[in-house]
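These are the residues of each chain, in order.
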Amino acid sequence: QRSFRSAMAIVFMFAIPLLVTGMFYFMFGNIASQGDFNLPRIDVVIANLDQGGPRLQAGSETLPGDIQADTLGELVVEVLESDELADLLAVTSVPDAGVARAAVDNRQAQVAIIVPPDFSRQFADQYGQAAIEFYQDPTLTIGPGIVKSILNQFMDRMSAIKIAIDVSQEQVEPLDYAMLGQVIQGLLDTSTAQSEDLSATLLEVRSPQKNAGSEQESASPLVGLIGPIMGGMMIFYAFYTGTASAQSILREEEERTLPRLFTTPTPQATILSGKFLAVFLTVLVQMSVLLVAARLIFGIQWGELLPVALMATGVVVAASSFGIFINSLLKTTKQGGVVFGGVLTMTGMIGMIGIFAMGSPTAARLSNTVSLLVPQGWAVRGLLQSMNRDPVSDVLLTSLVMLAWSAAFFTIGVWRFNRRYT
């Protein structure tokens, strides 16, 4: 009752975690309510300077779709200007390389592609090296990365034919043109040349997040970002609540109500058990309310019921026992400020490395070691496992580790309080 009658406790338990998550939710324009994510068209300028070489024998059987090209440079331009890629690329042709680079420098395009004059000739030469100049805005990553990936996919497939010809010429003497034709045709049959859909061949499209066993995808990539943030705030403040609730034991000792209780016929173990139980129940209410509120307000998918229940149980027990342990080390409530401002903040931040490191493989490896040195790290790990829909056995193992932490904290805390009041 004392915890839930305190306005400050209510703010820390419920308001702050939801407000911090809401700040991120609205900071990005409430993307989560907008449905599908659409990538803007990428502005590309091409300077095709290719003067040709041995005639490119192109026709409906060797080039995709209705593309017509006399040089390899024209083929590159035609592929990028194809109808299949029109929704993704806005391609403009320019007469020379300087104009193409200037368009990128002036922010009129994201990428400039420059096909050199000897491109076809170098490609046809057995010992030649055909290369395309790729010039991009250094402040951009997504758009240029997509264009570069498309070019790499296309040129890798073309290079396979060149390599096959070169190897055949070196290995077969005298050169068997019938066999060489069969090799080339075999490569064409599985290459971009025979593709009816260039965008499907050159691009692999994946949704940002998809629920396991469900045909419905996540409403927005932002939901995948907000979920861990909300979970991290929930765990961070659950440990605050556990410590603050357990501090009522010290507060009642200073107010002399606890010593008066010890003079009654009620056993001391019963009194302390009641205090400890109050801490567990307070954190349980906090976790339950935040899980439901975040699901209803932000649409966060916590995972299947059993993994979520295992994770929440581990967090409640760990946060409560950690609070009992910390308070057993304190002599007065005045020392609580140091604990709240120092110990809990430091351990909470260490435990949330796994959330801060999302998307960084190096930092993720660090989080798997450093963050697991504190109980909050195991709580965050269980949360992410549940949200990622990892096997129930993985979540169970993490929860058991949290319970082991809890058993150690609770045992030490109870032992110290019993010695203190005996």
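Anything mentioned here points back to the structure above.
Residues numbered from 1 in each chain as written. Predicted model: local features only at pLDDT ≥ 70, side-chain atom pairs only at ≥ 80, totals over all residues. Heavy atoms only, no water.

Digging into the overall build of the chain
Each helix and strand counted, the chain has 16 helices and 4 strands in total. Here the chain, with 422 residues, has 41% of them falling under the buried criterion. Within the chain, contacts between residues separated by at least 24 positions form 75% of all contacts whose residues are at least 6 apart in sequence. When the accessible surface of the chain is totalled, it reaches about 22,100 Å², and 59% of it is carbon and sulfur. (Helix = DSSP H or I, 4+ residues; strand = E, 2+ residues; numbered from the N terminus. Buried < 20%, exposed > 50% of the residue type's maximum accessible area, 1.4 Å probe, protein only. Contact = heavy atoms within 4.5 Å. Areas by Shrake-Rupley, 256 points an atom, 1.4 Å probe, with all protein chains shown as cover.)

A word on helix α11 (residues 305-328)
Between its first and last C-alpha atoms α11 spans 34 Å; for 24 residues at 1.5 Å apiece the expected length is 34 Å, and the two agree. The buried fraction of α11 amounts to 18 of the 24 residues, a majority that puts the element mostly inside the structure. (Expected span 1.5 Å × (residues − 1).)

Brief notes about the sheet that holds strand β4 (residues 133-136)
In space, the 4 strands of this open sheet follow the order β2-β1-β3-β4, with mixed pairing throughout. Either end of the sheet is taken by a strand with one partner, and the two such strands are β2 (89-93) and β4. When the angles between neighbouring strand axes are averaged without regard to direction, this sheet yields 20 degrees. Pairing between strand β1 (residues 42-48) and β2: 5 bridges, direction parallel. Directly across from V45, in β2, lies its bridge partner T92. The strands touched by helix α2 (residues 72-80) are β1, β2 and β3 (111-115); relative to β1, the strand with the most contacts, the crossing angle is about 165 degrees. Contacting β1, β3 and β4, helix α3 (residues 97-105) crosses the sheet at an angle of about 170 degrees to β3. (Pairing = 2+ DSSP bridges. Axes fitted to C-alpha atoms, helices over the stretch in contact; angles between N-to-C directions.)

Concerning unusual backbone geometry
Backbone geometry places R107, a non-glycine residue, at a positive phi of 60 degrees. Structurally, R107 is set in the loop between α3 and β3. Owing to a relative accessible area of 58%, R107 belongs among the exposed residues under this scheme. Positive phi values are uncommon outside glycine, yet R256 reaches one of about 70 degrees. With respect to the helices, strands and loops of the structure, R256 is situated in the loop between α8 (221-254) and α9 (257-262).

Examining the pairing of β1
Within β1, 5 of the 7 residues are buried, which leaves it mostly tucked inside the rest of the structure. Relative to β3, β1 runs parallel, the two being bridged by 5 bridges. Residue pairing in the sheet places V44 in a bridge with V111 of β3.

Description of the side chain of S386
You can see S386 is positioned in helix α15 (residues 375-387). Look at S386 and you get buried, because its relative accessible area is 1%. Look past the residues within four positions of S386 in its chain and what remains in contact with it is W302, G303, P307, V308 and V395.

Quick look at the packing of aromatic side chains
The description of an aromatic ring pair rests on the distance of the ring centres and on the angle between the ring planes. Enumeration over the complete set of coordinates arrives at 16 aromatic pairs. Where F12 meets Y240, the ring centres are 6.4 Å apart and the plane angle is 25 degrees; that geometry is what we call stacked. Taken together, the positions of F12 in helix α1 (residues 7-27) and Y240 in helix α8 put the pair 228 residues apart, joining distant regions of the chain. What makes F12 partly exposed here is its relative accessible area of 32%. Consider the rings of Y25 and F26, whose centres lie 5.2 Å apart with planes at 80 degrees: the pair is edge-to-face. Overall, Y25 belongs to the buried group, its relative accessible area being 10%. Owing to a relative accessible area of 56%, F26 belongs among the exposed residues under this scheme. Ring pairing ties together the aromatic residues F262, F276, F280, F410, F417 and Y421, which thus form one cluster. (Phe/Tyr/Trp six-rings, centres within 6.5 Å; stacked < 30°, edge-to-face > 60°.)

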